[in-house]
Amino acid sequence: MPPQAHGWRRWWRGLSPARQDRFAALAPLAAVLLFMAAIVTAFWYLRAEEIEREHEALKRDVEYAQQRVRLRLLERQEQLMRIARDLSNQDLDRAEFVGRAESLISQYPELQAITWIDEKRRIRASHAAPTLGSSKLRVAGEMLASGETAGTYELARDLQQPVYAQPTAIPGGSTPLLQLHVPLNQQGKFSGVVLGEYSIDSLLRYGTPTEVLARYAVTLLDGKGQVLAGTPLGRSNPGTQLLPWSPGANEYEVPVSPVGNGLVLRAQAYRTSLGVVGNGLFWLVGALSAMTAWMLIATWRHTRRRMQAQEALVVETNFRRAMENSILTGMRALDMEGRITYVNAAFCQMTGWSAAELVGLAAPFPYWPESDYETLHAKLRDEISGKTVAGGFRIRARRKNGTLFDARLYVSPLIDAHGLQTGWMTSMTDITEPNRIREQLSASYERFTIVLESLDASVSVAPLGSQELLFANKLYRQWFGSQTVGHLQLVAQAGVVPAAGSNPVGVDDEDGLMGLPTDSLTSARTENAEIYLPGLGKWLEVRSRYLSWVDGRLAQMVIATDITLRRQAQEQAARQAERAQSVSRLITMGEMASSVAHELNQPLTAINNYCSGMVSRIQSGQITEEALLAALQKTAHQAQRAGQIIQRIRAFVKKSEPNHALADVHSIVNEAVELADIDLRRHNVRLTHYIAARLSPVMADTILIEQVLVNLMKNGAEAIQMANRPISNRSVELRVVPRHIDDRDVVEFSVQDTGKGMAPEVLEHLFEAFFSTKQEGMGMGLNLCRSIVESHHGRMRAENLYNASEVTGCRFSFWLPLAKPVDATTDSVANARTPRTIA
């Protein structure tokens, strides 16, 4: 038995019998008083808790009802804003407006009237519910009278946003209407409002949930507390209350947004509790029963509480021990002399020594490395003297097997139940792996920095909308220094994103982030651009992408590579290709020289004959003026024909700069057919062509595409000549039709001949440079044709034509993409081909 119990027993025995009897008589009374006090306190607490629960339930229901009313107002506001937007865009006339208004009013009973008022405050159109009084109707053509409605109209015009009129109750009058003014804006100018008028009573009836209306008396009040809709509960008479501290009416109110404080939703709970009087008998019987039971079970309850306390103590002890054994942090307790009094399982596992081997030991501890004795002794003295560091301190520890590991120790004092310090509690964490990772990260960062510094490209990173330069490698610093000017210059000149802070005049209302990718910025594709910097005298390939910086900011990384040598090589290759194309055209015309001479010989012979005939008849005096005029007209026609042949040949072989422009497919094909037909007639080859109607234009260099078509038709005629086909089977067909290839709309050109076709091994190398099936061919014609087509973003192919297993000819085809809409708006090229001028 504890000493306190012996003390109480001695005190009780020291009392006189009279005093013992007096205390024994007062004990039940004291117990009853304490019990009654406890009952009253419990009743008061439960009653207060019940009132609080009812108030919280009322608050939740009122806020829910307010949200329902708010959503209903916002939905009607959105519908009125749609009507206002259609009126602003002039998509609605007066009849359509009235129809839309009638549909909304018939569908939503809280809407009483919708009125269209122009910028001169004149009512353009209006529709009201049948239930609306005649005094509140608005007639089209009338002017808006001055008053509260006119004031709200002026406010909506000034703010250029929807405005609610604050309703005010009229004593003895009808319930006012809630007004919403939605401004109209045509091309940035105010053009009137759409006025929506709500019935506050219908808004309460249809906007408030039925379950809330069933449980509470719900009313809508104006800003002055006057009732606008609903029926409030009457105030209770204080004289009828049993107790002066009886709770008042349970009510709650909240303003209705977006109207604001001018419209308040209030709910009052109906009283359902019987109060104290109705429950008095219950509490009396309960109190008497509880008093009787309490005398019988008091001792048993006391014993049970003691047992429960002991069990709880055991459970708490086991819980704390399990928690300590489950964590990875080692725990060690020292007494005031520095001896180990406790270690947990994690500490033993970390060091390799068991708790029995460590508890009771003093410094030096077995897990101290011998080389660190002096340092660890000094830290232990600081620890015992209370000189602890908030962030802990780092040491080296030794395991039982002799290996070393890094650890961090945190120290805190141990305080007993009386507030006295009994020792120190130390937690130890193994930081060997974090240190290794930190060192690897540091080495990795160093290697990464070396790689970036040695790159032959400029790398810079800067946050969007800021002049700060987050990173720049060595080459960037050599070119632009350590400022963001170079980064912003690369971004602006490359045109990958509008420069930070740029805002063109007249578009102040546009989003400052326009032009950024619409998908996730850090996963957007890299943007490439080639620019020339006069200050550096270099061509740079600029690549840009977005990334999230280490601090979470959105940044832009720009990589600029010097491509000056590559651009020079490309320009030289382009010049060589241009010369090759020009030479190819000259070679083609050289091969067609005899045909051209024959073609020119016919009009020249006709001119000679006409002139000789006119001379003879003039000398003999046998020609009239009409005959002479007819002969001169025929002579002029033949001369014009010869000039057209020479002009067409000169335009074909003339060297010019590449000129990609909108070109009419019909004009290209007609010019090519006129040129090729000269040579085809010499080979007795019939040329037919078909061009689909209403073909869209293409972006092309017309001379180069004509060169491709002439070469293909000329090759077809030569293949027929080499095949010795009969006259009836000597034809070349040119077809131009629209196609849809690789999800693109294109124009396909195909040239089909009736020769012997080509062997499979020839088809494999057909478009290679210097490969030719002709004895005197250079092997550059088809290679140049393919290069020309691919430079126009098209493709060329060749295939044999079969009749069963017999080869009946060959077909060469290529396609060109149609011009995009942006090309059609930026390049003003007529459908008719631009005439060539002859110098």
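Residues numbered from 1 in each chain as written. Predicted model: local features only at pLDDT ≥ 70, side-chain atom pairs only at ≥ 80, totals over all residues. Heavy atoms only, no water.

With that out of the way, let us pick up the overall build of the protein. Across its full length, the protein carries 21 helices and 26 strands. In the protein, which comprises 839 residues, the proportion classed as buried is 35%. Sequence separation of 24 or more characterises 59% of the internal contacts of the protein that already satisfy a separation of 6 or more. Accessible area for the protein stands at about 49500 Å²; split by element, carbon and sulfur atoms hold 55% of it. (Helix = DSSP H or I, 4+ residues; strand = E, 2+ residues; numbered from the N terminus. Buried < 20%, exposed > 50% of the residue type's maximum accessible area, 1.4 Å probe, protein only. Contact = heavy atoms within 4.5 Å. Areas by Shrake-Rupley, 256 points an atom, 1.4 Å probe, with all protein chains shown as cover.)

Attention shifts here to the sheet that holds strand β26 (residues 806-817). The mixed open sheet is built from five strands, whose spatial order is β21-β23-β24-β26-β25. Edge positions in the sheet fall to β21 (686-691) and β25 (795-803), since each has one partner strand and no second. Averaged over all adjacent pairs, the angle separating strand axes in this sheet is 20°, with direction ignored. With respect to the sheet, helix α17 (residues 665-682) is in contact with β21, β23 (731-741) and β24 (744-753), its orientation differing from that of β21 by roughly 175°. Across the face of the sheet, helix α18 (residues 702-723) comes into contact with β21, β23, β24, β25 and β26 while running at roughly 135° to β23. (Pairing = 2+ DSSP bridges. Axes fitted to C-alpha atoms, helices over the stretch in contact; angles between N-to-C directions.)

So, on to the packing of α17 against α18. Orientation of α17 relative to α18, taken along the N-to-C sense of each, is 35°, at an axis distance of 9 Å. Regarding α17 and α18, the two cross each other, and that crossing is right-handed. Packed against α17, whose contacting residues are I668, V669, E671, A672, V673, L675, A676, D679 and L680, the element α18 presents T702, I705, E706, L709, V710, M713, K714 and A717 at the interface. A per-class count over the contact of α17 with α18 returns twelve nonpolar, one polar and four charged. (Left-handed = near helix turned anticlockwise from the far one by under 90°. Nonpolar A, V, L, I, M, F, W, Y, C, P; charged D, E, K, R; others polar.)

Confidence in the prediction of the protein, expressed as mean pLDDT, is 79, and 77% of residues score 70 or more. Averaged pLDDT values for the elements of the protein fall to 54 in helix α21 (residues 821-826) and rise to 94 in β24. Below a pLDDT of 50 lies the segment residues 497-515, which in the model reaches eight contacts outside its immediate sequence neighbourhood of four places, other chains included. When the criterion is pLDDT under 50, residues 828-839 qualifies, and its contacts beyond four places in sequence or with other chains add up to 21 contacts. (pLDDT = per-residue confidence, 0-100.)

Each aromatic ring pair is characterised by the separation of its centres together with the angle its planes make. Across all of its chains, the model carries ten aromatic pairs by this definition. Arranged with centres 5.8 Å apart and planes meeting at 75°, the rings of Y153 and F190 form a pair that is edge-to-face. Residue Y153 is found in helix α4 (residues 148-159), and its partner F190 is found in strand β5 (residues 189-199); the two are separated by 37 residues along the sequence. Each member of the pair, Y153 as well as F190, is classed as buried. Centre to centre, the rings of F365 and Y367 are 5.6 Å apart; their planes meet at 15°, and the pair counts as stacked. F365 gets classed as buried once you look at its relative accessible area, which sits at 1%. For Y367, a relative accessible area of 2% corresponds to the buried category. (Phe/Tyr/Trp six-rings, centres within 6.5 Å; stacked < 30°, edge-to-face > 60°.)

Right, let's get into unusual backbone geometry. Across the chain, the bulk of peptide bonds are trans and the bulk of non-glycine residues have phi less than zero. Cis geometry is adopted by the peptide bond preceding P364, which originates at A363 and carries an omega value of 0°. Here P364 lies in the loop between α9 (355-358) and α10 (373-384). In this structure, N684 takes a positive phi of about 55° despite not being glycine. Topologically, N684 is positioned in the loop between α17 and β21. Phi is positive for H793, close to 65°, though the residue is something other than glycine. Relative to the assigned elements, H793 resides in the loop between α20 (781-791) and β25.

Taken together, the side chains of W44, Y45 and L46 make up a nonpolar region of the molecular surface, amounting to roughly 390 Å² of accessible area. As for its placement among the helices and strands, W44 is situated in helix α2 (residues 17-88). (Patch = residues over 30% accessible without salt bridge, like charges linked within 9 Å, V, L, I, M, F, W, Y side chains within 5 Å. Salt bridge = Lys/Arg side-chain N within 4 Å of Asp/Glu carboxyl O.)

Another aspect to go through is the side chain of E110. Inspection of the secondary structure puts E110 in the loop between α3 (94-107) and β1 (111-118). At 2.7 Å, the side chain of E110 forms a polar contact with the side chain of R72. Look past the residues within four positions of E110 in its chain and what remains in contact with it is R72, R76, E197, Y198, S199, S202 and L203. (Polar contact = N/O pair within 3.5 Å; in protein donor to acceptor, adjacent residues only side chain to side chain.)

Our focus in this paragraph is the pairing of strand β13 (residues 404-415). Sheet topology places strand β12 (residues 393-398) next to β13; six bridges connect them, and they run antiparallel. The residue bridging R398 from the neighbouring strand is L404, located in β13. Linking β12 back to β13 in an antiparallel pair, the connection comprises five residues, with G402 at a positive phi of about 95°. Note: β13 against strand β14 (residues 421-430), nine bridges, orientation antiparallel. Opposite Y410, over in β14, you have S427 as the bridge partner. Remark: five residues form the turn of the hairpin made by β13 and β14, two consecutive strands paired antiparallel; G419 in that turn has positive phi of roughly 85°.

Our next topic: the sheet that holds strand β3 (residues 163-165). Note on sheets: strands pair through backbone hydrogen bonds, and any given pair is parallel or antiparallel. If you walk across this open sheet you meet the five strands as β2-β1-β5-β4-β3, and the pairing is antiparallel. What marks the edges here is a single partner per strand, and that holds for β2 (123-128) and β3. Strand after strand, the sheet turns through a mean of 20° between neighbouring axes, direction not considered. In the sheet, strand β4 (residues 177-186) pairs with β5 via nine bridges, with the strands oriented antiparallel. Counterpart to Q186 in the pairing with β5 is K189. Contacting β1, β2 and β5, α3 runs over the sheet at an angle of about 160° to β1. Across the face of the sheet, helix α5 (residues 200-207) comes into contact with β1, β4 and β5 while running at roughly 65° to β5.

Core analysis: the largest hydrophobic core is formed by 44 residues, its most contacted members being V669, L709, M713, V736, F749 and F814. Of all the secondary structure elements, the ones that give two or more residues to this core are α17, β21, β22 (698-700), α18, β23, β24, α20 and β26. In terms of residue count, the dominant contributor to this core is α18 (nine residues). Not counting the four nearest positions on each side in its chain, F814 is found in contact with I705, V708, L709, L712, V747, E748, F749, V789, R795 and M796. L73, I105, Y164 and L204 belong to the second-largest nonpolar core, a separate cluster that totals 43 residues. (Core = buried A, V, L, I, M, F, W, Y, C linked by side-chain atoms within 4.5 Å.)

Turning our eyes to something else, we now look at the environment of H660. For H660, the location among the structural elements is in the loop between α16 (625-653) and β20 (661-663). Take H660: its relative accessible area is 35%, and that puts it in the partly exposed class. Residues H660 and D701, spaced 41 residues apart in sequence, show a C-alpha to C-alpha distance of 4.6 Å.

This part is about empty space enclosed by the protein. The final tally for this structure, using the stated rule, is one cavity of 30 Å³ or more. Roughly 100 Å³ of internal volume is contained in the largest cavity. In this structure, the largest cavity is lined by 13 residues; those nearest its centre are R332, W368, E383, I395 and L409. Those elements giving two or more residues to the lining of the largest cavity turn out to be α10, β12 and β14. (1 Å grid on protein atoms, 1.4 Å probe; cavity = no way out; pocket = protein on both sides within 12 Å on 5 of 7 lines; lining within 4 Å. Points joined across faces, edges and corners; volume = space filled by probe spheres on them.)

This part is about the pattern of salt bridges. Where charged atoms from two side chains of opposite charge approach closely, those side chains can pair. Under the counting rule described, the total for this entry stands at 29 salt bridges. Notably, a salt bridge pairs R138 with E197, separated by 3.1 Å at the nearest N-O pair. Placement of R138 in the loop between β2 and α4 and of E197 in strand β5 is noted, with a sequence separation of 59 residues between them. Looking at E197, the relative accessible area reads 2%, which means it is buried. Taking the shortest distance from any N to any O, the salt bridge between R553 and D551 comes out at 2.7 Å.

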